[in-house]
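Structural features, examined
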Amino acid sequence: MTITLSHFTSAILFSVFASVVFGITQRNSPREMVRYGLYCFAMFAGGVILAGWVMWLIRR
Amino acid sequence: MANSTATKSKPADTAQPEAPLTTMSVVAPALGWLIPGAGHLIQKRWGRGLLLMFSIFTMFFLGLAMQGRVYKPNGGDILDMLGFVGNIGAGGLYIVTRALDWGHGAISHATADYGTKFLIVAGLLNFIAVADAYHIAIGKKP
């Protein structure tokens, strides 16, 4: 089976799975795990979008 | 004066007590490495274990489906060796993949490079999960 994902979809999937693992392993209580997981996801996804805009500006 | 010397307290003992070596502190990380998430499941952390298992398994299989490359131990190049270190973190998944001769990578697809990164990071995330299973086993984490 072969799948072809776009760069953005790949980055979002990567962010989701990495954030789940970071959230579970880096915090102690379930509430903190959820909060940290969401924070990591926001940082990953936000970083991707920000980097995309920076590259767009550089190309101009 | 003599009294003051007598009441001098000893410097605080800052040495941390060593973690007890229990069967669980050996079995949980080993099982967690072999089957991602199982180190948590064996310690009855069902939710965490299943989430870790789902995340790492899915990331690894997505990497394979994107035709990512699985590194071999004797790659020859230093970057290949680093890739192998990342891959080997996936434990049983890596062993099965190599046994079935999957993960040759496809140079013709741009997304195959993303797949290679997915495979490496799945292994690295499993290393973190293994360390977490160990911390639970020694009582450092609830």
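See the structure printed just above.
Residue positions within a chain follow its written sequence, with the count starting from 1. For naming, the first written chain is A and the first written ligand is 1, with later ones following in the order written. Local features in this predicted model are restricted to residues whose pLDDT is 70 or higher, and side-chain atom pairs enter the listing and the counts only when it is 80 or higher, whereas totals over whole chains, interfaces and linings include all residues.

**Brief notes about the overall build of chain B**
- Of the regular secondary structure elements, chain B holds 7 helices and 0 strands.
- Under the scheme used here, helices are H or I runs from DSSP no shorter than 4 residues and strands are E runs no shorter than 2 residues, and both carry numbers assigned from the N terminus. In chain B, the succession of helices and strands from N to C terminus is α-α-α-α-α-α-α.
- We call a residue exposed when 12 or fewer other C-beta atoms sit within 10 Å of its C-beta, buried when the count reaches 20 or more, and partly exposed for counts in between; the C-beta positions come from the backbone. For chain B, buried positions account for 41% of its 142 residues.
- What counts as a contact here is a pair of residues whose C-beta atoms, placed from the backbone, lie within 7 Å. Across chain B, contacts joining residues at least 24 apart in sequence account for 70% of those joining residues at least 6 apart.

**Remarks on the interface of chain B and chain A**
- The partner chain A presents 15 residues to the 21 residues of chain B that form the contact.
- Looking at the side of chain B that touches chain A, the elements with two or more residues in it are helix H4 (46-65) and helix H7 (111-137) of chain B.
- Under the convention adopted here, Pro, Cys and the residues Ala, Val, Leu, Ile, Met, Phe, Trp and Tyr are nonpolar, Asp, Glu, Lys and Arg are charged, and Gly plus all remaining residues are polar. Of the residues contributing to the side of chain B that touches chain A, the split by class is 13 nonpolar, 5 polar and 3 charged.

**Some words on the nonpolar core**
- To define a nonpolar core, we join buried Ala, Val, Leu, Ile, Met, Phe, Trp, Tyr and Cys residues through C-beta atoms within 7 Å and take the resulting set. Core analysis: the largest hydrophobic core is formed by 40 residues, its most contacted members being Val21(A), Ile56(B), Met59(B), Phe60(B), Phe118(B) and Ala122(B).
- At the level of secondary structure, the elements contributing two or more residues to this core comprise helix H1 (7-26) of chain A together with helix H2 (23-34), helix H3 (38-41), H4, helix H6 (92-99) and H7 of chain B.
- The element contributing the most residues to this core is H7(B), with 13 residues.
- The residues contacting Ala122(B), other than those within four sequence positions of it, are Ile56(B), Met59(B), Phe60(B), Gly63(B) and Ala90(B).

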